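Summary of the model geometry
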Amino acid sequence: MNAATVRFLAAVLRLFALAGLLALPAACAARANPAPGAAAIELREALFTRDLRSAPSTVPLPDTWTARGLDDAGIGHYQGRILLDTAPTTMWALCMARLSDVHEVRLNGWLVSGAALGRIHPVTAGGHPITQWISVPPHLLRVGVNHLEISVAHNSRGGLSTVLVGPADTMASGHLTRLRLSVMLPIWLNVAGVALAVFLLLIWWRRPGERLLGSFAAMWLLIAVCNIAHYNMENTASTQVVAVYFALQVVSGALLCRSAMVLSGQRESIAYGILQVGTAVLLALAAWGGLTDSLDKVRAGSYPMLFTGMVLSLLPLWQQTRRLRLPLRTALVAAVLGSTLAALHDYLYWRGMTSVMDAYWLPYALPVSLAIVGGVMIKRLVGALHQVEQLNADLERRVVERTEALQQANLAKTRFLTAASHDLRQPVVTIGLLIDLMREQVPLALRPMTDRVNEAVSSMEDLLKGLLDLSRLEAGTVRPRLQPVALQPLFDAIASHDGETARRKGIVLRFRPTGESVLSDPVMLEQILRNLVSNAVRYTDSGGVLVAARHRGPDLRIEVWDTGHGIPATHQRAVFEEFVQLADAHGERPVARRTSHGGDGSRGLGLGLSIVQRSAALLGHRLHLRSRQDHGSCFSVLVPRAQPRQPPLASMPSDPQPLKGLRLTVVEDEPAVRAALRARLEAWGAVVDTHEGLTPLRRSLAARPRGHVGIDLLITDHRLRGATGIEVIEAVQRYGGPVPTLVITGDTAPEDIALMAARGLQVLHKPFRADALLAAIQRTRR
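All of these numbers come straight from a predicted model, not from anything done at the bench.

**A look at unusual backbone geometry**
The peptide bond linking Leu61 to Pro62 adopts the cis configuration, its omega dihedral lying at 5°. As for its placement among the helices and strands, Pro62 is situated in the loop between β3 (57–60) and β4 (63–64). The backbone phi angle of Arg157 is positive, close to 55°, even though this residue is not glycine. Residue position: Arg157 is located in the loop between β10 (144–154) and β11 (159–160). Within the chain, Asp630 stands out as a residue other than glycine whose phi angle is a positive 70°. Relative to the helices and strands, Asp630 resides in the loop between β18 (622–628) and β19 (632–642).

Quick look at the structure:
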């Protein structure tokens, strides 16, 4: 629920309270002063006696027994005279605002309403004053004096109102108006209160923290139900039903006290415990009174106790109202004070201590008061929701600012890595090409030394390739090509790659043989498994690493087990983040990089598992990690099974000069890389023309006939001084048309990778070795 909805509810509550306040005076006036219609006769005095054997006395109407010092319970007899000048020809009626529901009314000796009271015992007569409408046939009336005899029986509030006599059609509208204002109006006010209370309960159900609102809504609901029940069963209910009605009053009063205590912060006080005990005692008394026919005595003694407890619990609210603005404070105090006075008045009226023409005030006052209190509480809730909305807006703003800061930091990181890796790739590719040439030419005695240099270069290349793979995944240029992939050749290739490292560390690397095939991208799946196996070997100091494929329904789960240090549960999500290297249990070294003496000392950059996670997500393969600290880990990938297909075996060219006679043009601004490329390509038999940039290339092209540039293959760096590889390609195409092109680059920026992929260019990322360069040249020429 938002603040706008709550504001709407507050407006409804204000209208509800205003309607009740406007209707209250009219209802009271209608009850106290029933206006006769045209041609109606109003009897304002009558003869009264408590015993037909004693002489009657003249009393004014309305008549209240207690006002004349009589007991308000028992039987009374009234006699009046109606003088008519003409005999009526239409239906007449007797209308009395207060007449006991246990009565006997006779007109000219004819019984027109009720039953004979002669045999009713005065103590057990019963009866309550209500509004009565008695139809009188015209033949019962005569010209001259008509005698009206009214006998009533009361158990409280004894008396009689004025009597209206007249044509039924003349008095009907006034009688219906009185009924609407005295009966229907309070019923509909309380029905509306029930609807609003249910709505507030729904708010509390959705927001359980609003305990005060929930208590108030439950109290309002019970009070409204009690008020509605008052007009439907007061004069007809059994003692047991009245006991239930009294119990509901006790519970609603207790909820009112509880709401006041919660609002004033006394929920954990001794008074709160006294309230609970007192409520239980009163409920027990209600049950006892209903079973022993002593309910009136119980109610007579309990109402003052309940009233006193409510007043005492409401006193602390005065301190709380000081925080409210004056209009709200005044409305709240008026509502509480009005309800308190109404409750006191209704108790006196129930005991017969007020006029017989009086009425219960609480059915009118409580809906209005509760609507005012509800409006104050809704105002409080609106303020709280407004604060929440402001806090949410501030939080969203801070999140946006923090997100922008993180994006800027990520861009700065990407730019730094791009620049750093580009600058590092230049010397690494030069060293790699020269080492390959050197290994072909050095004597056997120096071969171990060149092998050591070659291993160091391979380690550097692996680190830079990790950055490249991550950049390609971030750029979104990787497109999986799903096809059946046989697992055993893949296991064999990884075993040959990581087996030597495992042997040097003194651990066992095992692959369980399998003849299964899976549906995946062969390059990406090999990259995933290589990273997992390399990490497992790197993390394990003793024991071994096991790679196996297990059936899981229609899928295969490829598992990589190790007996390394394990990963704590609190860090298992972090290992898939970029540049994360966890420390071991002693905090001495990165867990994933700890090696034994003489083992693989390469610690990497912490990118392997991040690449694995992104690649698996791109392929739709589920990645799972299970690990126990100091016991080892198991990484697994769930891959769909496929029908095995034997791929054609690729064979390396045996020709020592595979590029013999091929005319190659190389554009590279780094002198060392340019020289190394020239030496390597010429060793393969190619005719090589090198340029340091776009300007020298244009001069060379200008000296050739247009349309015959004499270039079989163009090899260009992407980031040149003063130009890009795209500009080099466009310049060559303008002179001689389309030329097969291989772009070599050290850039890892996602936007550059995406640009070259969009143009369909063959790209070879630095650093690279001689075999990768030859394979790329052969792919480009196809």
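What follows picks up the thread again.
**Remarks on the nonpolar core**
Note that soluble globular proteins tend to have their nonpolar side chains buried in a common cluster. By size, the foremost hydrophobic cluster in this structure holds 36 residues, and its most contacted members are Leu487, Leu532 and Val533. When contributions to this core are tallied by element, the ones reaching two or more residues are α11 (487–505), β14 (508–511), α12 (522–539), β16 (544–552), β17 (555–562), α13 (608–619) and β19. For this core, the element with the most residues is α12, which contributes 9 residues. In this structure Val533 touches Ile494, Asp498, Leu509, Phe511, Val547 and Val560, once residues within four positions along its chain are discounted.

**Focus on the packing of aromatic side chains**
Applying the stated criterion across every chain yields a total of 8 aromatic pairs. Ring geometry for Tyr347 against Trp350: centres 6.3 Å apart, planes inclined by 35°, an arrangement best described as tilted. With Tyr347 and Trp350 both in helix α8 (residues 326–350) and 3 residues apart, this pair spans about one turn of that helix. Owing to a relative accessible area of 19%, Tyr347 belongs among the buried residues under this scheme. Arranged with centres 4.9 Å apart and planes meeting at 85°, the rings of Tyr349 and Tyr360 form a pair that is edge-to-face. In this pair, Tyr349 is assigned in helix α8 and Tyr360 in the loop between α8 and α9 (362–441), connecting sequence segments 11 residues apart. Exposure class is identical for Tyr349 and Tyr360. Each is buried. Through pairs of rings, three or more aromatic residues link up here, namely Phe246, Tyr303, Tyr347 and Trp350. It is Arg50 that lies over the ring of Trp65; its NZ or CZ is 4.5 Å from the centre. Just above the ring of Tyr349 sits the side chain of Arg157; from NZ or CZ to the centre is 4.7 Å.

**Description of the sheet that holds strand β5 (residues 74–84)**
One open sheet accounts for 6 strands, arranged β3-β2-β5-β10-β7-β8; its pairing is antiparallel. Sheet topology places β3 and β8 (110–114) at the edges, where each strand pairs with a single neighbour. Direction aside, neighbouring strands of the sheet carry axes that sit 25° apart on average.

**As for the packing of α12 against α13**
Contact pair α12 / α13: the axes reach a minimum separation of 9 Å and the direction vectors enclose 150°. Here α12 is positioned roughly antiparallel relative to α13, judged by the angle of their axes. Of the two elements, α12 crosses α13, and the hand of that crossing is left-handed. Where α12 approaches α13, its residues Met524, Leu525, Gln527, Ile528, Asn531, Leu532, Asn535 and Tyr539 are matched on the opposing element by Gly608, Leu609, Ile611, Val612, Ser615, Ala616, Leu618 and Leu619.

**Details of the packing of helix α14 (residues 671–683) against helix α18 (residues 770–781)**
Put simply, α14 and α18 touch, their axes get as near as 12 Å, and they point 70° apart. Regarding the angle of α14 to α18, the classification is roughly perpendicular. For the pair α14 and α18, the sense of crossing is right-handed. The residues of α18 that touch α14, namely those facing Leu677, Arg680 and Leu681, are Ala770, Leu773 and Ile777.

**Section: the pattern of salt bridges**
Oppositely charged side chains can form a pair if their charged atoms are brought close together. Enumeration over the complete set of coordinates arrives at 16 salt bridges. The salt bridge partner of Glu500 is Arg503, with a shortest N-O separation of 2.7 Å. Of the two residues, Glu500 and Arg503 are both situated in helix α11; the distance of 3 residues between them amounts to about one turn of the helix. The closest approach of N and O atoms between Arg721 and Asp669, which form a salt bridge, is 3.8 Å. With a gap of 52 residues between them, Arg721 in the loop between β23 (719–720) and β24 (723–724) and Asp669 in the loop between β20 (663–667) and α14 connect regions that are remote in the sequence. Salt bridges sharing common partners tie together Arg550, Arg557, Glu559 and Arg626.

**A word on the sheet that holds strand β9 (residues 129–136)**
Pairing in this open sheet of 4 strands is antiparallel, and the strands run β1-β12-β6-β9 from one edge to the other. Here the strands that pair on one side only, and so sit at the sheet edges, are β1 (41–43) and β9. Shown here is a sheet whose adjacent strand axes are inclined to one another by a mean of 15°, direction ignored. Pairing geometry for strand β6 (residues 92–100) and β9, over 7 bridges, is antiparallel. By the bridge assignment, Ala93 is partnered in β9 with Ser135. Along the sheet, helix α2 (residues 168–206) contacts β6, β9 and β12 (163–167); its crossing angle with β12, the most-contacted strand, is approximately 135°.

**Topic: the side chain of Asn146**
Considering the arrangement of structural elements, one finds Asn146 in strand β10. Judged by its relative accessible area of 0%, Asn146 falls in the buried class. Among the polar contacts listed, one links the side chain of Asn146 to the backbone oxygen of Arg142, at a separation of 2.8 Å. With residues up to four places along the chain from it excluded, the contact list for Asn146 reads Gly80, Arg81, Ile82, Leu84, Leu107, Asn108, Leu140 and Leu141.

How each quantity is defined
- Residues numbered from 1 in each chain as written.
- Predicted model: local features only at pLDDT ≥ 70, side-chain atom pairs only at ≥ 80, totals over all residues.
- Heavy atoms only, no water.
- Helix = DSSP H or I, 4+ residues; strand = E, 2+ residues; numbered from the N terminus.
- Core = buried A, V, L, I, M, F, W, Y, C linked by side-chain atoms within 4.5 Å.
- Buried < 20%, exposed > 50% of the residue type's maximum accessible area, 1.4 Å probe, protein only.
- Contact = heavy atoms within 4.5 Å.
- Phe/Tyr/Trp six-rings, centres within 6.5 Å; stacked < 30°, edge-to-face > 60°.
- Lys NZ or Arg CZ within 6 Å of the ring centre and 35° of its normal.
- Pairing = 2+ DSSP bridges.
- Axes fitted to C-alpha atoms, helices over the stretch in contact; angles between N-to-C directions.
- Parallel < 35°, antiparallel > 145°, perpendicular 65-115°, else oblique.
- Left-handed = near helix turned anticlockwise from the far one by under 90°.
- Salt bridge = Lys/Arg side-chain N within 4 Å of Asp/Glu carboxyl O.
- Polar contact = N/O pair within 3.5 Å; in protein donor to acceptor, adjacent residues only side chain to side chain.

These figures come from the coordinates and say nothing about function on their own.
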